[in-house]
Amino acid sequence: MGAIMHRVIIVDDEPWAIRGIRNAFEWNKHGFEIAGQFTSAHKALEYIGEESPDLVITDIRMPEISGLDLIRMTQEKGLDVEFVVVSGFAEFAYAQEALRYGALDYCLKPIDIEMTTPLIEKLKSHFANKRNARNNRLIDALTSTNKQELPQLTRFFDLSSDHYFRACFIYSNNGQKVDSRVLFSPGTQSLEVEFGSSKTLIVLKSKNRSELEHGIEGAFEGSDFKAIGISSISQRCEHMAKLIKESDLAASNLFLNEDKGIFEYEQKLHLVKPFIDEICSLMKERAFEPLNDILNGGVRFFRQHELGMGEVVYLWNQVVGVLVGAYYEQLRDMELDFLN
């Protein structure tokens, strides 16, 4: 699971200028990869429409389609693509106009090597802030009951399409990022949302249910992760919050198991209910010695039945309810809160 790279294309009608831009920046070091280079602005525009790269480095003056035209046409398509323009000193006014169009920055030909590091660090910071803001908006939209904002945030969600959905939560090692583009079969599309430095949500969709039922475990073979939680499958986008909660609960088995693993969500509250009933009965009877024996065997019971964090929370809330009801006077100064 390597770091996710921002995809860059370079557009200039002069091949030597493209080579100069490629060589002037330490792209990989700062999290960028060159995904394409074009001497034809027409072909570049076609590629942008199909692949939606993260960043376009474009010459300002080109035959037929200028850098300004390329920015305007991309914006008209509603694509979330950033631009940096390159210009000669004579076209400096055009470069300033590109900034008004929404370009992130500009640089002059020939490129001053001393200016490349500050520029690429600025770009890296911009994309980090943009990714965080997008993640936060996506998290809010995914966990909301109103799913109308999702198609506006990402083309991944088309509420009119007929797809099956599944959610995966991944706890990775040492802050390693997950690149879902290399994990799943071509028929499975994925959307990544970061939940901190070592926790990633991947939403999967496919028109074929069997692709979401099989192949997930194989996708992670050889990967370095702590735990993967997998939800059930639904054909309804409005169930997304439920699928995310299921995958998060499944992944939380990491905290109850000593070994890493892939955990699939399964509702097991019925298994823990007799255990809870016995504990609650003994508490009401004040039979503390047998109660202590049962509690000491709690971890073994949970591991034996492969119970997860959902059952832990259910156990806690039931026990707190009994304690507050039976021992209110003794416990009123204690902060015994129910867990969500």
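Everything that follows concerns the structure shown earlier in this document.
First, a word on what this report is: a plain description of the structure on this page.

What counts, and where the lines are drawn
Residues numbered from 1 in each chain as written. Predicted model: local features only at pLDDT ≥ 70, side-chain atom pairs only at ≥ 80, totals over all residues. Heavy atoms only, no water. Pairing = 2+ DSSP bridges. Helix = DSSP H or I, 4+ residues; strand = E, 2+ residues; numbered from the N terminus. Axes fitted to C-alpha atoms, helices over the stretch in contact; angles between N-to-C directions. Contact = heavy atoms within 4.5 Å. Salt bridge = Lys/Arg side-chain N within 4 Å of Asp/Glu carboxyl O. Buried < 20%, exposed > 50% of the residue type's maximum accessible area, 1.4 Å probe, protein only. Core = buried A, V, L, I, M, F, W, Y, C linked by side-chain atoms within 4.5 Å.

So, on to the sheet that holds strand β5 (residues 105–108). The strand order across the open sheet built from five strands is β2-β1-β3-β4-β5, with neighbouring strands paired in parallel fashion. Looking at the sheet topology across the chains shown, the edges are occupied by β2 (32–38) and β5. Within this sheet the neighbouring strands show an average axis-to-axis angle of 20 degrees, counted without direction. With six bridges joining them, strand β1 (residues 6–11) and β2 adopt parallel strand pairing. Residue Val8 lies in a different strand from β2, and its bridge partner there is Ile34. Across the sheet, helix α1 (residues 15–24) touches β1, β2, β3 (55–59) and β4 (82–87), and the angle it forms with β2 is around 180 degrees.

The final tally for this structure, using the stated rule, is 17 salt bridges. We note a salt bridge from Lys122 to Asp105, for which the minimum N-O separation is 2.8 Å. Highlighted residues: Lys122 in helix α5 (residues 113–143) and Asp105 in strand β5, separated in sequence by 17 residues. One salt bridge connects Lys273 with Asp277, and the closest N-O pair in it is separated by 3.4 Å. Note that Lys273 and Asp277 are positioned in helix α10 (residues 269–285) at a spacing of four residues, about one turn of the helix. With a relative accessible area of 41%, Asp277 lands in the partly exposed category.

We now examine the environment of Leu323. Mapping Leu323 onto the fold places it in helix α13 (residues 309–326). C-alpha separation for the pair Leu323 and Leu295, spaced 28 residues apart in sequence, amounts to 15 Å.

A few words now on the nonpolar core. By size, the foremost hydrophobic cluster in this structure holds 25 residues, and its most contacted members are Leu142, Phe157, Phe165, Leu201, Val203 and Met240. Mapped onto this core, the elements with two or more residues apiece are α5, α6 (150–153), β6 (164–172), β7 (189–194), β8 (199–206) and α9 (240–251). For this core, the leading source of residues is α9, giving five residues.

Our next topic: the sheet that holds strand β9 (residues 225–230). Spatially, β7-β8-β6-β9-β10 is the arrangement adopted by the five strands of the open sheet, whose pairing is mixed. The sheet is open, and its two borders are formed by β7 and β10 (261–264), each paired with just one other strand. Going across the sheet, the axis of each strand differs from the next one's by a mean of 20 degrees, ignoring polarity. Looking at chain direction, β6 and β9 are connected through five bridges and run antiparallel. Among the inter-strand pairings, Ile170 is bridged to a residue of β9, identified as Ile228. Each of β7 and β8 touches α5; the most contacted strand, β7, lies at about 110 degrees to it. Here α9 sits on the sheet in contact with β6, β8, β9 and β10, set at roughly 35 degrees to β6.

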